Amino acid sequence: MRALLLVLVVLLGVVAASMLWQHRRYVHARRAFAQDQQPLLHSGDVFHVVTFLELAPGSDLFESVGKLRSQLEAGGAARMVYAGKVALNAQHSRQLVEAFGEEVPWDAIVLVQFPSREAWDRTAASEDWKRALAGFARTYSHGMQRAALANLMIPQAFLATRVRQLVTRAPSLYPFEPAPKEEWVIPKEAPFERLSAERELGAQAAVVVNLILPGSEAEVAADRQYVGHMFELMAQMGNGPLHMGRAVTLEKGTRYQNVAIVYYPGVEYFRSMLESRFYQGIIGRKQLGDNQSSITVPILGRL
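Reading the values: rules and limits
Residues numbered from 1 in each chain as written. Predicted model: local features only at pLDDT ≥ 70, side-chain atom pairs only at ≥ 80, totals over all residues. Heavy atoms only, no water. Helix = DSSP H or I, 4+ residues; strand = E, 2+ residues; numbered from the N terminus. Rg over C-alpha atoms; globule rule 2.2 N^0.38 Å. Buried < 20%, exposed > 50% of the residue type's maximum accessible area, 1.4 Å probe, protein only. Contact = heavy atoms within 4.5 Å. Areas by Shrake-Rupley, 256 points an atom, 1.4 Å probe, with all protein chains shown as cover. Expected span 1.5 Å × (residues − 1). Bend = angle between axes of the 7 residues up to and from the residue. Pairing = 2+ DSSP bridges. Axes fitted to C-alpha atoms, helices over the stretch in contact; angles between N-to-C directions. Core = buried A, V, L, I, M, F, W, Y, C linked by side-chain atoms within 4.5 Å. Phe/Tyr/Trp six-rings, centres within 6.5 Å; stacked < 30°, edge-to-face > 60°.

**What about the overall build of the protein chain?**
Helices and strands together make up the secondary structure of the protein chain, namely ten helices and eight strands. The globule rule puts the C-alpha radius of gyration for 303 residues at 19 Å, and the 20 Å found for the protein chain is close to it. Dimensions of the protein chain, computed from the C-alpha atoms along their principal axes, are close to 70 × 50 × 40 Å. The 303 residues of the protein chain split such that 46% are buried. Within the protein chain, contacts between residues at least 6 apart in sequence are counted, and of these 86% link residues at least 24 apart. A total accessible area of about 14900 Å² is found for the protein chain, and carbon and sulfur atoms account for 56% of it.

**Some remarks on helix 6 (residues 148-167)**
When the terminal C-alpha atoms of helix 6 are compared, their 30 Å separation across 20 residues agrees well with the 28 Å that a helix rising 1.5 Å per residue should span. A maximum bend of about 30° is found in helix 6 at Ile154, where proline Pro155 lies one to four positions downstream. Ala148, Asn151, Ile154, Pro155, Gln156, Phe158, Leu159, Thr161 and Gln165 are the residues of helix 6 that are buried. After helix 6 finishes, the residue Arg169 shows a positive phi value of roughly 55°.

**Observations concerning the sheet that holds strand 3 (residues 108-114)**
Strand order around the closed barrel formed by eight strands is 1-3-2-8-5-7-6-4, with antiparallel pairing between neighbours. When strand polarity is set aside, the average angle formed by the axes of neighbouring strands in this sheet is 35°. Bridge analysis of strand 1 (residues 47-55) against strand 4 (residues 136-146) gives eight bridges, and the strand direction is antiparallel. Note on strand 4: the bridge partner recorded for Leu53 is Thr139.

**A closer look at the pairing of strand 1**
When a strand is regular, its side chains alternate between the sheet's two faces. Buried residues dominate strand 1, accounting for nine of its nine residues. Of the two faces of strand 1, the one lined by Phe47, Val49, Thr51, Leu53 and Leu55 and the one lined by His48, Val50, Phe52 and Glu54 are each fully buried. Of the pairings in the sheet, the one linking strand 1 to strand 3 comprises seven bridges and is antiparallel in character. Paired with Leu53 across the bridge in strand 3 is Ala108.

**Looking at the side chain of His243**
Of note, His243 is situated in strand 6 (residues 240-248). Residues in contact with His243, not counting those within four places in the same chain, are Arg30, Asp36, Gln38, Val81, Leu111, Met144, Arg146, Asn151, Val259, Ala260 and Ile261.

**Things to note about helix 8 (residues 217-237)**
In a regular helix each residue adds 1.5 Å, so 21 residues correspond to 30 Å; helix 8 covers 30 Å between its end C-alpha atoms and thus fits that length. For helix 8, the full list of buried residues reads Ala222, Asp223, Tyr226, Met230, Leu233, Met234, Ala235 and Gln236. One or two steps after helix 8, the chain reaches Gly238, where phi turns positive at roughly 80°.

**Here's the deal with the pairing of strand 4**
Extensive coverage of strand 4 is indicated by the burial of eight of its eleven residues. Here four bridges tie strand 4 to strand 6, and the two strands are oriented antiparallel to one another. Note on strand 6: the bridge partner recorded for Arg146 is Gly245.

**Quick look at the environment of Leu166**
Examined against the element boundaries, Leu166 turns out to sit in helix 6. Counting along the chain gives 150 residues from Leu166 to Ala16, while the straight-line C-alpha distance between them is 18 Å.

**Describing the nonpolar core**
Counting 59 residues, the largest nonpolar core has Leu68, Met230, Tyr264, Phe270, Met273 and Tyr279 as its most contacted members. The residues contacting Tyr279, other than those within four sequence positions of it, are Ile186, Tyr226, Met230, Met273 and Leu274.

**As for the packing of aromatic side chains**
Scanning all chains against the criterion turns up 14 aromatic pairs. On the basis of an interplanar angle of 25° and a centroid distance of 4.3 Å, the ring pair of Phe158 and Phe231 is categorised as stacked. Taken together, the residues span a long stretch of sequence, with Phe158 in helix 6 and Phe231 in helix 8 at a distance of 73 residues. Exposure remark for Phe158: the relative accessible area of 1% places this residue in the buried category. A residue is classified by how much of its surface remains accessible, and Phe231, at 27% relative accessible area, is partly exposed. Arranged with centres 6.3 Å apart and planes meeting at 20°, the rings of Phe176 and Phe278 form a pair that is stacked.

Written as structure tokens, this is what we have:
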């Protein structure tokens, strides 16, 4: 009985140590690579806002986004937790195209944490905020209710998956095997070279910002298969969602259900994934009612 208890204690210790290692691993990637400054725990009242930005002609990206950050954080309550330069607007939301009358070439995206929805409403109604946004050609903001505990457990779900992969000796999905262009499901003229153009800022992180509206039941079932394959890859590679939350409409009458902000280990990795047999073999299952998907590289550390 004593030996059994000792074995149980050792096993629990191994599990706890593995979970702590996984937690620290993901926190390091979040902070050092994605430059994401999200506090790991926060109140349920906290409200997040994703703002898409199109630069005014002749303006500088870092200067413009830096001024916006200073304006937001001046009062000490709001906090910019992520800022990214858009490398590629991979998919333009049908709803945003209808709202703006065209596909907007978004240049940057920021994620800001407010103490509450009321705090955001006061900011959005203020003259200071309106003046701050006046420096951009066009902007669009969407809210997110982010659950701290649920987001905190995502890396542990990846850990459980990775343990299963090791135990079952699942084959490695990386390095990727390139797919001949005749096998591509994504259009053959997809401008993936834009990702490589951002290899300096995106050497260690590419962060995809998604506004998601699920489709029909059949589309949801197909999309679940796509997500499952991506989950397996992320478990192997040690990347994954930085922020997952329920979408909250703030303007333009748009309707999304979820917000997902996902980290990948660099733009070259992301491009090789997109051009691989693995990805081209599953992308046809990604079926959504509507989706705004923008691939960004982190710039918060330069503001």
